[in-house]
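# Chains, contacts and geometry: an overview
Letter by letter, the chains look like this.
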Amino acid sequence: MQSHKSTMALASFAAALDSTTLPGEVRQKLGWLLLDHLRVCSIGARLPWSDWSRRYVGLVGRAGPSHVLFSAETLNPQHATFLNVAYGSSFDGDDTHVGAMLHPGVAVWSSALAIAEHTGASGPNVLAAVVAGYETTIRIGLAVQPSHFKRGFQSTGTCDGFGTAVAAGRLLFRGKDAECRIAEAMGLAGGYASGVAQFYYSGASAKRIQAAHSAESGVAAALLAEQGYSGPVDIIEGAGGFAKAYADGWDPTAIEDGLGQRFHLMDVLVKSHAAAARVAAGIDGMLALRQEQGFSGDDIVSMELGIPRIIQGRLTNPHPVDLQAAQMCLPFSVALASKVVLRPGRIPTLSVADFEAGLSDRSLHAIEEHIMIALDDEVEAASNELSTAVRVSVTLRDGRKLSKLVAAPKGSPSLPFTGAEHEARFTQELSSRVPDKVCSEIVAMSENLDQLDPRWLGRTLIGAAI
């Protein structure tokens, strides 16, 4: 029987990774992901639940060298990670790997930047840490899905901790024992995993900090390993390890095959909407039909949404109980897209404010009442680990019957934002905080990540008002 040592494989990859060997396309994608990370953190930092996180960290946090984004405050790397991840994950706009069913970037970038300030790491080492964190998070997620999801876990809350332990470990541990120390940090991180996803059914704001908790746990694990603690170096594959405890079945080849040659971060989706990635195609489908055919939600008599089996249940229950549930609800999101104001010349985007307003719009509930959800073989065939397809079909009061199948939403690997679009989205948001010159300097840095300087970035964003 073939022996798999998935934990050590990931640790060895992280310890040995030389950022100078990364393909140009990987570097380019990482630059865009950094801009998107800062963009979503900027938006999220203004939302009310980020105030809750700031008050919490004010109680438990201790000063240190790591910057809180858009603030003069510096904290220890664990709590700086928590707060910056809380900003970035606060409105469901952070980057996503669809097949792994998780949000890797907000955790990996936040932890790597915080630990880099703690250690004084250079740009190339930060780059290596970020790549190792992305690959660890995504590969573990791919290995345990879909049974992990079906058993009731949200993999952002479970797998992000491994990724941040690896990213932090890559910056903390050098020399011939680095591989073992990173694996021990992963072993400790496994003890923090939770990710129970009852909020899909009951609502609540817990999801907004699940990534933050997982990410800070991975950083804590690496810092504990630095002080002498050790975790099991077979935490993924062991008899009592993560894979067997958290999934009915798992695929170790998803972790080990192509490690160092095949970069799954290239498959990360960047979002257009403040909504779950798996409902985005439905939103895009409704918006496209409206732009092409000129109708609104008031003109709809009935609607059918063709879906793949993977989203049936958790993401298809109508009448969400709160804002978080609304952002993860396909029928509500598509109903909202049928009513939102379309502005000529602008890519339509559903914001948190749109979802908040929609919750009090009783006409959306009426539209939901006339939505039928159906499994669709063609949609099933179009869905994969890179994107989730949805077919939107409507019958209008004037008798027209319209339909559109969206195989992949905007921002997915097959329909990505261009470099110019990434820069425009970043600048549009960050120019509300810092001068255009600073935006240009950060964009230039994203195009040459060897020059990434976390301390400069933190200082540059000081005074960017919340």
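Before reading on, note that the structure itself is shown above.
Residues numbered from 1 in each chain as written. Predicted model: local features only at pLDDT ≥ 70, side-chain atom pairs only at ≥ 80, totals over all residues. Heavy atoms only, no water.

### Quick notes on the nonpolar core
Filter applied, for reference: Here, the term nonpolar core denotes a set of buried Ala, Val, Leu, Ile, Met, Phe, Trp, Tyr and Cys residues that are joined through side-chain atoms within 4.5 Å. For each residue, the accessible area found with a 1.4 Å probe, counting protein chains only, is set against the maximum for its type, and the residue is called buried under 20%, exposed over 50%, and partly exposed in between. Numbered from the N terminus, helices here are DSSP runs of H or I no shorter than four residues, and strands are runs of E no shorter than two. By definition in these notes, contact holds between two residues if any of their heavy atoms fall within 4.5 Å.
Formed by 102 residues in total, the largest nonpolar core has its most connected members in Leu30, Tyr134, Ile140, Phe242, Ile442 and Leu461. Looking at this core, the element that brings in the most residues is helix α6 (residues 123-144), giving 13 residues. Apart from residues lying up to four places away in sequence, Phe242 is in contact with Ile140, Val144, His148, Thr158, Cys159, Phe162, Ala193, Ile235, Ile236 and Ala247. In terms of nonpolar packing, the next biggest core, distinct from the first, is built from 48 residues, Ala276, Leu323, Val392 and Leu396 among them.

### Here we look at empty space enclosed by the protein
Here is the rule: Here a cavity denotes a set of grid points, spaced 1 Å apart and computed over the protein atoms alone, in which a 1.4 Å probe fits but from which it cannot get out, and a pocket denotes an open set meeting protein on both sides within 12 Å along at least five of seven lines; residues with an atom within 4 Å of a point are reported as lining. Grid points are joined across faces, edges and corners, and a volume is the space filled by probe spheres set on the points.
A full pass over the atoms with the stated rule returns six cavities of 30 Å³ or more. Volume-wise, the largest cavity comes out at about 240 Å³. Forming the boundary of the largest cavity are 19 residues, of which Met101, His103, Tyr200, Ala276 and Arg278 lie nearest the centre. Along its surface, the second largest cavity is lined by His37, His67, Leu69, Asn84, Trp109, Ser110, Leu113, Ala114, Glu117, Pro454, Leu457 and Gly458. Elements supplying a minimum of two residues to the lining of the second largest cavity: α5 (105-119) and α22 (454-460). The biggest single contributor to the lining of the second largest cavity is α5, with five residues.

### Some remarks on the pattern of salt bridges
We apply this condition: Think of a salt bridge as a Lys or Arg side-chain nitrogen and an Asp or Glu carboxyl oxygen that are within 4 Å of each other.
As enumerated under the stated definition, the model contains 19 salt bridges in all. For the salt bridge of Lys437 with Glu441, the shortest nitrogen-to-oxygen distance reads 2.5 Å. Of the two residues, Lys437 and Glu441 both sit in helix α21 (residues 436-446), four residues apart, roughly one turn of that helix. For Lys437, a relative accessible area of 57% corresponds to the exposed category. Within the structure, one salt-bridge network assembled from shared partners comprises Asp36, Arg39 and Arg425.

### Some details on the state of the cysteines
Going by this rule: Cysteine sulfur pairs qualify as disulfides if the two atoms are within 2.5 Å.
Scanning the entire structure with this criterion turns up zero disulfides. Left without a disulfide partner, Cys41 is nearest to the cysteine sulfur of Cys439, which lies 15 Å away.

### Digging into the packing of aromatic side chains
Basically, it comes down to this: Aromatic pairing here means that ring centres of Phe, Tyr or Trp (its six-membered ring) are within 6.5 Å. Orientation follows from the plane angle: under 30 degrees is stacked, over 60 is edge-to-face, and everything else is tilted.
For the coordinates displayed, the defined rule picks out six aromatic pairs. For the pair Tyr56 and Phe82, a centre-to-centre distance of 5.2 Å together with 55° between the ring planes defines the contact as tilted. Here Phe82 lies in helix α4 (residues 77-88) and Tyr56 lies in helix α3 (residues 48-60), a separation of 26 residues in the sequence. The class of Phe82 is buried, set by a relative accessible area of 5%. Arranged with centres 4.8 Å apart and planes meeting at 45°, the rings of Phe153 and Tyr246 form a pair that is tilted. Placement of Phe153 in the loop between α7 (147-150) and α8 (155-172) and of Tyr246 in helix α12 (residues 242-246) is noted, with a sequence separation of 93 residues between them. On the basis of relative accessibility, which here comes to 14%, the residue Phe153 falls in the buried class. Residue class for Tyr246 comes out buried when judged on its relative accessible area of 15%.

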